[in-house]
Amino acid sequence: MRQIDMLRHDQYVQTVIDLSNRSLTDNWGYTPVTEAEALAVARDLKPVIQPKGVPVAEDAQGRPISFNIALPDVDMLQNDLNGYLFPFGWSKLLLGLKRLHNYRLFALAVIPEYHG
């Protein structure tokens, strides 16, 4: 298991695209993820992604076999905001992201050879 390196973010996006398309193809209604779609989602999630929330598992040869994406649970910060994002709620939200310890699973994939 290794965490993503945010300096090599684009390389990890390619790994996630490959793992998603390989592992989810047999799911009913699944359509392959395009590079443009994945880059758009990655760009949108980059400010909130924390490296420890995106582990990639590798086999003994170092090939990626699975990943998951867990996002910080920002619902925990809403109590401090009292329903208001302005004028100072947005700063409380951004500063509070670093101290969050709860996560919500966003995506998970394991290639078929390692199912079961």
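Predicted model, so just to flag it, every value in this text is computed and none were measured.

Reading the values: the criteria
- Residues numbered from 1 in each chain as written.
- Predicted model: local features only at pLDDT ≥ 70, side-chain atom pairs only at ≥ 80, totals over all residues.
- Heavy atoms only, no water.
- Helix = DSSP H or I, 4+ residues; strand = E, 2+ residues; numbered from the N terminus.
- Buried < 20%, exposed > 50% of the residue type's maximum accessible area, 1.4 Å probe, protein only.
- Contact = heavy atoms within 4.5 Å.
- Areas by Shrake-Rupley, 256 points an atom, 1.4 Å probe, with all protein chains shown as cover.
- pLDDT = per-residue confidence, 0-100.
- Pairing = 2+ DSSP bridges.
- Axes fitted to C-alpha atoms, helices over the stretch in contact; angles between N-to-C directions.
- Arc of directions from axis to C-beta.

1. What about the overall build of the protein?
Phase 1 of the analysis: Counting secondary structure elements, the protein contains four helices and four strands.
Phase 2 of the analysis: Per-residue burial over the protein gives 32% buried out of 116 residues.
Phase 3 of the analysis: A separation threshold of at least 6 residues defines the contact pool for the protein, and within that pool the share at least 24 residues apart is 64%.
Phase 4 of the analysis: Of the roughly 8100 Å² of accessible surface on the protein, a fraction of 58% belongs to carbon and sulfur atoms.

2. Description of the confidence of the model for the protein
Phase 1 of the analysis: Scored by pLDDT, the protein has a mean of 86; 100% of the residues are at 70 or more.
Phase 2 of the analysis: By mean pLDDT, the top-scoring element of the protein is strand β2 (residues 55-58) (93), and the lowest-scoring one is helix α3 (residues 78-81) (74).

3. With respect to the sheet that holds strand β4 (residues 103-110)
Phase 1 of the analysis: Overall, antiparallel pairing links the four strands, which are arranged β1-β2-β3-β4 in an open sheet. The open sheet has two edge strands with one neighbour each: β1 (2-3) and β4.
Phase 2 of the analysis: When β1 meets β2, the two strands line up antiparallel, connected through two bridges. Opposite Q3, over in β2, you have P55 as the bridge partner.
Phase 3 of the analysis: Lying over the sheet, helix α1 (residues 9-23) contacts β1, β2, β3 (64-72) and β4, oriented at roughly 110° with respect to β3.

4. Some remarks on helix α2 (residues 35-45)
Phase 1 of the analysis: Listed as buried for α2 are A38, A42 and L45. An end-on view of α2 places all buried positions within 70° of arc, on one side of the element. Counted as exposed and oriented over 90 degrees from the buried face of α2: A36, R43 and D44.
Phase 2 of the analysis: In the core, the buried residues of α2 are packed alongside α1, β3 and β4.

5. Focus on the environment of P72
Phase 1 of the analysis: Mapped onto the elements, P72 comes out in strand β3.
Phase 2 of the analysis: A residue is classified by how much of its surface remains accessible, and P72, at 9% relative accessible area, is buried.
Phase 3 of the analysis: For P72, the residues in contact, after removing those within four places along its chain, are V48, Q50, L100, N102 and Y103.

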